[in-house]
Amino acid sequence: MSSPPLSMKRRGLLIGCGALVLMSGRALAAPAAPRRLSLRNQHTGETFDGPYRDASGPLPDAMADLAKLLRDHRANKVGPIDVGTLDFLADIMEAVGQPKATILSAFRTPETNAMLAARSLGVAEHSQHLLGRALDVTFPSRLPDAHRSALDLKRGGVGWYPRSHFLHIDTGPLRNWEMFGQNLDGLFAPGVRGARPRTVSQRLQLHRALARRQMLGRR
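Quantities reported herein were computed from a predicted structural model and do not represent experimental measurements. (Residues numbered from 1 in each chain as written. Predicted model: local features only at pLDDT ≥ 70, side-chain atom pairs only at ≥ 80, totals over all residues. Heavy atoms only, no water.)

## Brief notes about the overall build of the chain
Just so we agree on the cut-off: Strands here mean DSSP runs of E at least two residues long; helices mean DSSP runs of H or I at least four residues long; both are numbered from the N terminus. Exposure categories follow from relative accessible area, calculated using a 1.4 Å probe and restricted to protein chains: below 20% of the type maximum is buried, above 50% is exposed, and the middle band is partly exposed. Should any heavy atoms of two residues lie within 4.5 Å, those residues are considered in contact. Accessible surface is estimated by sampling points in the Shrake-Rupley manner with a 1.4 Å probe; for residues, cover comes only from the protein chains shown.
Across its full length, the chain holds six helices and ten strands. By residue count, 47% of the 219 residues in the chain fall in the buried class. Residue pairs in contact within the chain that sit at least 24 positions apart in sequence constitute 59% of those at least 6 positions apart. For the chain, the accessible area works out to roughly 11600 Å², and carbon and sulfur atoms hold 54% of it.

## Notes on the side chain of Arg155
The condition is simple: Polar contact is the term for a pair of N or O atoms within 3.5 Å; when the atoms are in protein, one must be able to donate a hydrogen and the other to accept it, and sequence-neighboring residues count only if both atoms are side-chain atoms.
As for its placement among the helices and strands, Arg155 is situated in the loop between helix H5 (143-153) and strand E8 (157-161). The exposure class of Arg155 is buried, given its relative accessible area of 12%. Polar contacts involving the side chain of Arg155 include one to the side chain of Asp91, which spans 2.7 Å.

## Things to note about the environment of His129
Summarising the element assignment, His129 is placed in the loop between helix H4 (110-119) and strand E7 (134-138). Looking at His129, the relative accessible area reads 2%, which means it is buried. Through-space distance from the C-alpha of His129 to that of Asp72 is 9.6 Å; in sequence the pair is 57 residues apart. When neighbours within four sequence positions are excluded, His129 is seen to be in contact with Ser105, Ala106, Phe107, Arg108, Ala134, Leu135, Asp136 and His168.

## Considering the pattern of salt bridges
We count it as follows: A pairing counts as a salt bridge when a side-chain nitrogen of Lys or Arg comes within 4 Å of a carboxyl oxygen of Asp or Glu.
One pass over the structure, following the stated rule, counts eleven salt bridges. Ionic pairing is found between Arg35 and Asp87, a salt bridge with its closest N-O pair at 3.8 Å. Taken together, the positions of Arg35 in strand E2 (residues 35-41) and Asp87 in helix H3 (residues 83-95) put the pair 52 residues apart, joining distant regions of the chain. Each member of the pair, Arg35 as well as Asp87, is classed as buried.

## Structural notes on the nonpolar core
This is how the line gets drawn: Definition used in this section: a nonpolar core is a set of buried Ala, Val, Leu, Ile, Met, Phe, Trp, Tyr and Cys residues joined via side-chain atoms within 4.5 Å.
If you look at the biggest cluster of nonpolar residues, it comprises 35 residues, and the most contacted ones within it are Leu37, Tyr52, Met63, Leu89, Phe139 and Leu167. By residue number, the principal contributor to this core is H3, which donates seven residues. Excluding residues that lie within four positions of it along the chain, Leu37 makes contacts with Phe48, Asp49, Gly50, Tyr52, Leu86, Leu89, Ala90 and Met93.

## Concerning the packing of H3 against H5
Short version of the rule: To obtain an axis, a line is fitted to C-alpha atoms, over the contacting stretch when the element is a helix, and the angle between two such axes runs from 0 to 180 degrees between their N-to-C directions. Between 65 and 115 degrees an angle is taken as roughly perpendicular, under 35 as roughly parallel, over 145 as roughly antiparallel, and anywhere else as oblique. Here is the rule for handedness: rotate from the far helix to the near one, and if that takes an anticlockwise turn smaller than a right angle the crossing is left-handed, while a clockwise turn gives right-handed.
One way to put it is that H3 packs onto H5 with a least axis distance of 9 Å and a crossing angle of 125°. Considering the angle they form, H3 stands oblique to H5. Regarding H3 and H5, the two cross each other, and that crossing is right-handed. Judged by residue contacts, Phe88, Asp91, Ile92 and Ala95 of H3 engage Ala146, Ser149, Ala150 and Leu153 from H5.

## Describing the packing of aromatic side chains
The condition that has to hold: Classification of ring pairs uses Phe, Tyr and Trp, with its six-membered ring standing for Trp, and accepts pairs whose centres are within 6.5 Å; under 30 degrees between planes counts as stacked, over 60 as edge-to-face, and the remaining range as tilted.
As enumerated under the stated definition, the model contains one aromatic pair in all. For the pair Tyr161 and Phe166, a centre-to-centre distance of 4.3 Å together with 10° between the ring planes defines the contact as stacked. By relative accessible area, Phe166 is classed as buried at 6%.

## Considerations on the confidence of the model for the chain
Where the model shows low pLDDT, its predicted coordinates should not be examined in detail. Heads up, the rule is: Residue-level confidence of the predictor, termed pLDDT, takes values from 0 up to 100.
Looking at the chain as a whole, its pLDDT mean stands at 80, while 69% of the residues score no less than 70. Ranking the elements of the chain by mean pLDDT puts helix H1 (residues 6-16) last with 52 and H3 first with 98. Low pLDDT, under 50, characterises residues 182-200; the predicted model gives this stretch 39 contacts beyond four residues in sequence or across chains.

Dropping the structure here:
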């Protein structure tokens, strides 16, 4: 009896390593040479530095390490890993010459996402973070260039938070947005008070109103 193909063996190893690995529709074709990432989790201090996929597909040991690095650190729960999102990040880093990235947020449990959505305008109830298809990242330099590169790649969602100094990327529907404010808990324009709206439509409505107010103020 002949041995199973390498791709079949790799799939079995991925199942065995405990990481649910997603190959989204926007995942790139398998590269000729191994693809690498160098990442640090801002909250835990954990790091990953090495290849994560090769011509045969995702590397099981790397996927297990990345699943741990990108887990919901608040709940200490590991989520799925979307290889397409990793490719998205790797291509942005290559385009702007950044060898390392700092991860601010990756997989989120529903409980963590609901808590963050209640606190901030910048968190969607049905976030791609829940599916393991989103990353909030920052780089030591050239973050505005990384934003432009992410838009040019047209892989999914791109959120730009210039005052908070980070970039959101995901492999969900193609869209982009920009949020103002110093931090995720301070996304209101000066002088705005009251309870923070929680639904997506309410947050977008307020964001448009504040943007219009800023635009009129410049005239």
